[in-house]
Amino acid sequence: MKILLAEKRNELGISVRRLEAMSGVSRTTILRIESGYANPTVSVLCKLATALGMSLDDLVLCDRRE
């Protein structure tokens, strides 16, 4: 599974601090997800996707070979 949070956030021109305010997810958590150090829950991913105005499918790539 690959989380496209940084790519999508940058495409939209949204800073980490702005995403924190929009989603209620802490800046530290966002940075840890983007750097691959956190394994977020579906709930957190849904908050981030909703804040970015996209579906969970847009934010996460699933590899069927995993």
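Quick caveat, the model's predicted, so the values are computed rather than measured.

A.B. asks: Help me understand the overall build of the chain, please; the structure alone is not making it clear to me.
C.D. replies: Within the chain, the secondary structure is distributed over five helices and two strands. Along the chain, helices and strands appear, N-terminal first, in the series β-α-α-α-α-α-β. For 66 residues, the compact-globule estimate of 2.2 N^0.38 gives 11 Å, and the chain sits close to it at 11 Å. Projected onto its principal axes, the C-alpha positions of the chain cover 35 × 20 × 20 Å. Here the chain holds 66 residues, and the buried ones make up 33% of them. Counting contacts in the chain only where the partners sit at least 6 residues apart, residues at least 24 apart contribute 53% of the total. Total accessible area on the chain is roughly 4,400 Å²; 49% of this is exposed by carbon and sulfur atoms.

A.B. asks: Can you walk me through the environment of Asp63 in this structure?
C.D. replies: Mapped onto the fold, Asp63 is located in the segment after strand 2 (60–61). Given the relative accessible area of 33%, Asp63 is considered partly exposed. Taking C-alpha positions, Asp63 is 5.7 Å from Met1, a pair spaced 62 residues apart along the chain.

A.B. asks: What is the right way to look at the environment of Met22 in this model?
C.D. replies: Considering the arrangement of structural elements, one finds Met22 in helix 2 (residues 16–23). Taking relative accessible area as the criterion, Met22 reaches 32% and is therefore assigned partly exposed. Sequence spacing of Met22 and Leu48 is 26 residues, and the spatial spacing of their C-alpha atoms is 8.3 Å. Excluding its chain neighbours within four sequence positions, the residues that come into contact with Met22 are Ile14 and Ala51.

A.B. asks: Honestly, the side chain of Ser23 in this entry has me stumped. Any pointers?
C.D. replies: As for its position among the elements, Ser23 is in helix 2. A polar contact is formed between the side chain of Ser23 and the backbone oxygen of Leu19, at a distance of 2.7 Å. Dropping the residues within four chain positions of it, Ser23 is found in contact with Ile30, Lys47, Leu48 and Ala51.

A.B. asks: Just to check I follow, could you spell out the nonpolar core for this structure?
C.D. replies: Nonpolar side chains in soluble globular proteins tend to be buried together. Counting residues in hydrophobic clusters, the biggest one holds 17 residues, and the most contacted among them are Leu5, Leu19, Ile30, Ile33, Leu48, Leu52 and Leu59. Looking at this core, the elements that each hand over two or more residues are helix 2, helix 3 (27–35) and helix 4 (42–52). Take this core: its biggest share by element is six residues, from helix 4. Leave out the neighbours within four places in its chain, and Leu5 touches Leu19, Ile30, Ile33, Glu34, Leu48, Leu52 and Leu59.

Here is what the cut-offs are and how they apply
Residues numbered from 1 in each chain as written. Predicted model: local features only at pLDDT ≥ 70, side-chain atom pairs only at ≥ 80, totals over all residues. Heavy atoms only, no water. Helix = DSSP H or I, 4+ residues; strand = E, 2+ residues; numbered from the N terminus. Rg over C-alpha atoms; globule rule 2.2 N^0.38 Å. Buried < 20%, exposed > 50% of the residue type's maximum accessible area, 1.4 Å probe, protein only. Contact = heavy atoms within 4.5 Å. Areas by Shrake-Rupley, 256 points an atom, 1.4 Å probe, with all protein chains shown as cover. Polar contact = N/O pair within 3.5 Å; in protein donor to acceptor, adjacent residues only side chain to side chain. Core = buried A, V, L, I, M, F, W, Y, C linked by side-chain atoms within 4.5 Å.

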